[in-house]
2 protein chains.
Amino acid sequence: MADSEKRLEQLVERLREYGCRITPQRLAILRILTSSENHPSAEDIYEQLRVQFPTTSLATVYKMIAMLKEMNEVLELEFRDRSNRYDGNRPYPHTHLICLRCGTIQDPEQSELENLPRQIALRAGYQLVSHRFDIYGICPACQAAE
Amino acid sequence: MADSEKRLEQLVERLREYGCRITPQRLAILRILTSSENHPSAEDIYEQLRVQFPTTSLATVYKMIAMLKEMNEVLELEFRDRSNRYDGNRPYPHTHLICLRCGTIQDPEQSELENLPRQIALRAGYQLVSHRFDIYGICPACQAAE
DNA sequence: ATACATGCAAAACATTTGCATAAGA
DNA sequence: TCTTATGCAAATGTTTTGCATGTAT
């Protein structure tokens, strides 16, 4: 898909500006992140990475993610009871639909949250930094399967 | 405060119905939870509990929390990078304002999310279970202090 | 009396860190 | 060449679990 290739090039450029070396492992991680629509976990990324780099480690994946977080180029969705999940295509806060059965995370068509986070923050005197809006439920496929 | 006492009695009643024993430790944990406006962590609860029960353990706190979660009588706000935080007064999903500097968690006056989670879930064919709406920023006190 | 709760210690588990080796620039 | 990245192993920190002892009912 053209979109994910464009995003890949953009990320490579940003890494270069940032003074990072473009290693084959990093390129592969970026490719996995940008071509992924399903918010992979670090483990997911690692599994895919091992296809090309059988001796790679989870530490490499985590170090790359840490770097991308620092650059605000990946969105981290934290879960204490499972692995964190990552979105390298939309690295800004946005609404997520999360299936509690199969673990799928998708972005709904529209979300109309608009500037609610800003309004609420402002009203309470907070300086807005970020927000998180997750909707948890059972996805259509899991409903059909039960 | 009358509200928190009423909530406490309600919880004790629910525990009894559930077939749980009302131990002094459990009563104290409930008291800490219901009288707390600042979304304590398990550690916070433990520290307060130790005042009355110097030999108590974190395991006791966690086991009690697990029981209350099972009964849907406590809301757990999960954070991977810090401790989870708990709300025993409003055990249903609601909007949170979270200060990234001092860690305070408060509930905004009004939130006008209304039935947005339900609408979005429905539109995507999901069966709604729960949601999470967190707004992260810097609270007024921390802004003044910098 | 007896089933359930407590509290200690050890386990679990994702993520982070230290460090020697490897390899981009 | 020389600095940065990799990948192994060990550490971290919160939450969970096992089990012997204690206790509410």
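Please refer to the structure placed before this passage.
In this report, the structure presented in the accompanying data block is examined.

## A look at the overall build of chain A
- Looking only at helices and strands, chain A features 6 helices and 5 strands.
- Ordering the α and β elements of chain A from the N terminus gives α-α-α-α-β-β-β-β-α-β-α.
- Seen through its C-alpha atoms, chain A measures out along the principal axes to roughly 45 × 45 × 30 Å.
- Evaluated residue by residue, chain A yields a buried proportion of 46% over its 146 residues.
- Taking contacts inside chain A between residues at least 6 apart in sequence as the whole, the part at least 24 apart equals 51%.
- Charged side chains in chain A number 18 positive and 21 negative. The centres of these two groups are separated by 6 Å.

## Digging into the protein's contact with DNA strand C
- Around DNA strand C lies a shell of 18 residues, among which R21(A), Y62(A), T23(B), T56(B) and K63(B) are the nearest.
- When atoms of DNA strand C within 4 Å of the protein are sorted by moiety, sugar and phosphate together comprise 71%.
- Between DNA strand C and the protein, one listed contact pairs a base oxygen with a side-chain N or O atom of K63(A) at 3.2 Å.
- Between DNA strand C and the protein, one listed contact pairs a sugar or linking oxygen with a side-chain N or O atom of R80(B) at 3.5 Å.
- Within the residue set of the surface near DNA strand C, elements represented by two or more residues are α4 (58-70) of chain A together with α2 (24-34) and α4 (58-70) of chain B.
- A per-class count over the surface near DNA strand C returns 4 nonpolar, 8 polar and 6 charged.

## A few points about the pairing of strand β5 (residues 127-138) of chain B
- In terms of strand pairing, strand β5 (residues 127-138) of chain A meets β5(B) through 11 bridges, oriented antiparallel. Bridge pairing in β5(B) places G137(A) opposite L128(B).
- With 4 bridges connecting them, strand β3 (residues 96-99) of chain B and β5(B) associate as parallel partners. Paired with L97(B) across the two strands is I135(B), which belongs to β5(B).

## Examining the environment of D3(B)
Residue and element names in this part refer to chain B.
- Its location among the elements puts D3 in helix α1 (residues 2-17).
- Residue classification places D3 among the exposed residues on the basis of a relative accessible area of 52%.
- In this structure the C-alpha to C-alpha distance between D3 and I65, which are 62 residues apart in sequence, comes to 21 Å.

## Focus on the pattern of salt bridges
- Per the counting criterion, the structure on display carries 20 salt bridges over all chains.
- Where salt bridges share partners, they join E37(A), D87(A), R90(A) and D107(A) into one cluster.

Definitions and cut-offs
Residues numbered from 1 in each chain as written. Chains lettered and ligands numbered in written order. Predicted model: local features only at pLDDT ≥ 70, side-chain atom pairs only at ≥ 80, totals over all residues. Heavy atoms only, no water. Helix = DSSP H or I, 4+ residues; strand = E, 2+ residues; numbered from the N terminus. Buried < 20%, exposed > 50% of the residue type's maximum accessible area, 1.4 Å probe, protein only. Contact = heavy atoms within 4.5 Å. Lys, Arg positive; Asp, Glu negative; His and termini not counted. Charge placed at Lys NZ, Arg CZ, Asp CG, Glu CD. Near = heavy atom within 4 Å. Polar contact = N/O pair within 3.5 Å; in protein donor to acceptor, adjacent residues only side chain to side chain. Nonpolar A, V, L, I, M, F, W, Y, C, P; charged D, E, K, R; others polar. Pairing = 2+ DSSP bridges. Salt bridge = Lys/Arg side-chain N within 4 Å of Asp/Glu carboxyl O.

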